[in-house]
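Observations on chain architecture
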Amino acid sequence: MKEWKIYAMLVFVMFVWGANLPILKYLITVVPPVTLTAFRILSASLVVFIILWKMKLLRKPTKQEWKYILLGSLTNVVLHHYFLNIGLSITSGTHGGLILGTGPMLTAISAAIILKYFPTKIQWLGLVFGLAGVSVSILVGGGASNGANIGDFYVFLAILAQVLSYMVVSKAAATLDPRLLTAYMMLIGAVVLVIVSFIQEPGAFTSFTETNPTFWTLFLTSAIICTAVGHMMYNYAVGKAGATKSAIFMNLNPLFSLILSAIFLGEILTGRHFIGLFLIVIGVMLGSGAAEDMWKKQKQKSATH
C-alpha cells in the first residue's frame, strides 16, 4: 500500500479515536467504567472477527504467534483500556487528552530501546513540535483539582501500556497480519476484562438495562467504528509503517478530541488551540517523514530539469 494511503488511514483513525474520548466520558456516567469497557471491547472483537472472516483472513496462529497475542492482549487491551476508563472517570477530559498526547514521545523512546530503531533528527524535531502543540492546545484554562492526580496517573499508565503493545505489534507483524492479531488480542483481553468487571463491579451489568437509545447508538459507534475498525487500521499501519512513524499521528488524537468536544459538548476553543493545531500539523509532517519525502522529491525534480 502507498505511503500516503497509510497516512490517510492514520488521520482517519486519530479522528475516530478523538471522537471516542467525549463518547466514553458520557458512557461511563451511565455504566460503570470496567463493565462498560469489557462489553465494549467484546463487541468490538466480534465485529473484527466477522470482518476478517468476510476478507478470508482468519487462520489459527502458531505457537510463537500466541506469545505475541497474549502479550498484546495484556498491554493493548486489558491494561490500556482498564486504566484509561478508570482514569477518565476521575480526571478531566482535557487532562486525559494531554497525557495521551505524550504517546509519540514514549513510542519513539521505547522503539529506540526495544526495537533498536532510532528516529532521525528531523523526526525527533517533529516529536517535539507535536508535543508542544498538544501542550498548547490542552493547557488552556489550566487547572484540575488535586483529586484528579490519581486519575492522571491512571491515564499515563494506559498510554504507557498501549505504547509497549505497539512494540509487540511491530514484532508480530513479521508473520501475523496485524488485523488478525487485533482480533485475537481484543477477544482474549475482553474475556479478562469481563472477569475483572464481575469482581470489581458486581451487579454493574444490570446498568445496561437502564439505558436509552442514545446510549446504545454511542456504545455501538464506540465499539464498532472507534475500537474495532480503528484498532484494526492502526495496528495494520504499525505493521506497515513502523511504530514510531505511526505514533507521530497520535498527536492529532487530543486535537480532534478538543474540536469534537467543542462541537458536541459546547466547550470553547481559543486562539491557543489553533496555535496548537499549527504546531501539531508541523510535528506530524516532520515526524512522519512526509516533509522529508516531499523535500527529496522536489530536489530530484530540480536536478532533472
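Each remark here, short or long, concerns the structure printed above.
Below you will find a few notes about this structure. (Residues numbered from 1 in each chain as written. Predicted model: local features only at pLDDT ≥ 70, side-chain atom pairs only at ≥ 80, totals over all residues. Heavy atoms only, no water.)

Some remarks on the packing of helix 2 (residues 33–54) against helix 9 (residues 213–241)
Interhelical geometry of helix 2 versus helix 9 gives an angle of 55° and a closest axis separation of 8 Å. As far as their axial angle goes, helix 9 and helix 2 are oblique. Handedness of the helix 2/helix 9 crossing: right-handed. Residues Leu 36, Phe 39, Arg 40, Ile 41, Ser 43, Ala 44, Val 47, Val 48, Ile 51 and Leu 52 of helix 2 pack against Phe 215, Phe 219, Ser 222, Ala 223, Ile 224, Thr 227, Ala 228, Val 229 and Met 232 of helix 9. Here the contact of helix 2 with helix 9 is built from residues that sort into 15 nonpolar, three polar and one charged. (Axes fitted to C-alpha atoms, helices over the stretch in contact; angles between N-to-C directions. Helix = DSSP H or I, 4+ residues; strand = E, 2+ residues; numbered from the N terminus. Parallel < 35°, antiparallel > 145°, perpendicular 65-115°, else oblique. Left-handed = near helix turned anticlockwise from the far one by under 90°. Contact = heavy atoms within 4.5 Å. Nonpolar A, V, L, I, M, F, W, Y, C, P; charged D, E, K, R; others polar.)

Observations concerning helix 2
The terminal C-alpha atoms of helix 2, which comprises 22 residues, lie 32 Å apart, in line with the 32 Å expected from a rise of 1.5 Å per residue. Within two residues after helix 2, Lys 56 carries a phi angle of roughly 60°, on the positive side. (Expected span 1.5 Å × (residues − 1).)

What to know about helix 1 (residues 3–27)
Compared with the 36 Å implied by 1.5 Å per residue over 25 residues, the 35 Å span of helix 1 between its first and last C-alpha is a close match. Its axis deflected by about 25° at Leu 21, helix 1 carries its strongest bend there, up to four residues before the proline Pro 22. (Bend = angle between axes of the 7 residues up to and from the residue.)

A few points about the pattern of salt bridges
Evaluation of the coordinates by the stated rule reveals two salt bridges. Its salt-bridge partner being Arg 179, residue Asp 177 comes within 2.9 Å of it at the nearest N-O pair. Looking at Asp 177, the relative accessible area reads 23%, which means it is partly exposed. You can call Arg 179 buried: its relative accessible area is 18%. (Salt bridge = Lys/Arg side-chain N within 4 Å of Asp/Glu carboxyl O. Buried < 20%, exposed > 50% of the residue type's maximum accessible area, 1.4 Å probe, protein only.)

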